[in-house]
Amino acid sequence: TPATGPNGAAGQFKGERINKRSVERASEIDALTGVSNQKAWGAAKPGVDASPNRAVVHGDLDNFKIVNDTHPGKYKTGDKALSDAFKQAQKIAKEIDPTAEVFRSGIGDEMTIATAAGMEAKVAKAVNEGVRVKIGEGFDDVTMSTGHGKTYDAATADMGINKKAMKDVKAAHLVEQQ
């Protein structure tokens with residue numbers, strides 16, 4: 001049955017008549033970033049992993065703690081940068097694959113994108129580059145790592161391999177500079 005209340009779900013439906021699904025959906029949106037949250041990813045993951053038509057991109061903003069620790073405004077600055085990064089990821093993913101959905105899959109700066117199978121590499125590359133550009137505006141130490149695969153586990157494993165490769169490249173570059 002529809003529910004009414006003075007504030008609705010998280011104050012979003014003030015004075016409006018709402019139904020149970022509206023409240024449930026509101027509880028699946030990350031308040032900071034505006035994308036689907038960890039709860040929504042938990043519900044979607046089994047279906048995404050099992051579907052032959054879906055694939056996964058997993059991303060992580062590296063060194064993001066620096067923003068909260070050192071920049072003026074600290075957490076306020078970090079929250080805006082994080083929100084901008086996720087909104088940029090959603091925009092880019094949807095441009096490539098209108099069925100893509102971005103999730104804030106961790107408690108911090110991790111994102112997971114469910115996308116059409118066969119589109120995961122293209123989405124990963126574009127999101128990685130686009131978010132790096134967006135986040136790089138004033139945050140030079142922050143980078144983004146991504147991985148992709150048929151399942152979440154495959155995408156996170158691929159991201160780990162990519163992170164290690166980037167560290168190896170940086171280490172080799174430092175040796176060359178000495």
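Worth saying up front: this structure is predicted, and the values here are computed from it rather than measured.

> Could you give an account of the overall build of the chain, with specific residues and numbers?
The helix and strand tally for the chain stands at 6 helices and 4 strands. For the chain, the sequential pattern of α-helices and β-strands runs α-α-β-α-α-β-β-α-β-α. Considering the chain as a whole, with its 178 residues, one finds that 39% of them fall into the buried category. Residue pairs in contact within the chain that sit at least 24 positions apart in sequence constitute 59% of those at least 6 positions apart.

> Account for the nonpolar core, naming residues and giving values.
One finds L61, F64, M111, I113 and V127 to be the most contacted residues of the largest nonpolar core, which totals 25 residues. Mapped by element, the contributors of at least two residues to this core are β1 (54-62), α4 (74-96), β3 (110-116) and α5 (120-136). Sort the elements by how many residues they give to this core and α4 lands first, with 8 residues. When sequence neighbours within four positions are dropped, the list of residues in contact with M111 reads V57, H58, G59, A85, F86, A89, V102, F103, S105, V127 and M144. Counting 8 residues, the second-largest nonpolar core is a separate cluster that includes V48, V56, A114 and Y152.

> Now, about the sheet that holds strand β4 (residues 143-149): what can you tell me, with residues and values included?
On the basis of which strands lie adjacent, the open sheet formed by 4 strands has the order β2-β3-β1-β4 and antiparallel pairing. In this open sheet, the two edge strands, each paired with only one partner strand, are β2 (101-104) and β4. For this sheet, the mean angle separating the axes of adjacent strands, direction not counted, is 20°. In this sheet, β3 lies alongside β2 in antiparallel orientation, the contact comprising 4 bridges.

> With reference to specific residues and values, describe the pairing of β1.
Among the 9 residues in β1, 9 count as buried, and that is most of the element. Residue alternation in β1 divides its side chains into two sets, R54, V56, H58, D60 and D62 and A55, V57, G59 and L61, and both sets are buried. When β1 meets β4, the two strands line up antiparallel, connected through 7 bridges. Of the residues in β4, the one forming a bridge with G59 is T146.

> Describe the pattern of salt bridges, with residues and values.
All told, the structure shown has 4 salt bridges when counted by the stated rule. For K80, the salt bridge is made with D84, and the minimal N-O distance between the two is 2.8 Å. Of this pair, K80 and D84 both sit in helix α4, 4 residues apart, roughly one helical turn. Note that K91 and E95 form a salt bridge whose closest N and O atoms lie 3.8 Å from each other. Residue K91 and its partner E95 are located together in helix α4, separated by 4 residues, close to a single helical turn.

The rules behind the values
Residues numbered from 1 in each chain as written. Predicted model: local features only at pLDDT ≥ 70, side-chain atom pairs only at ≥ 80, totals over all residues. Heavy atoms only, no water. Helix = DSSP H or I, 4+ residues; strand = E, 2+ residues; numbered from the N terminus. Buried < 20%, exposed > 50% of the residue type's maximum accessible area, 1.4 Å probe, protein only. Contact = heavy atoms within 4.5 Å. Core = buried A, V, L, I, M, F, W, Y, C linked by side-chain atoms within 4.5 Å. Pairing = 2+ DSSP bridges. Axes fitted to C-alpha atoms, helices over the stretch in contact; angles between N-to-C directions. Salt bridge = Lys/Arg side-chain N within 4 Å of Asp/Glu carboxyl O.

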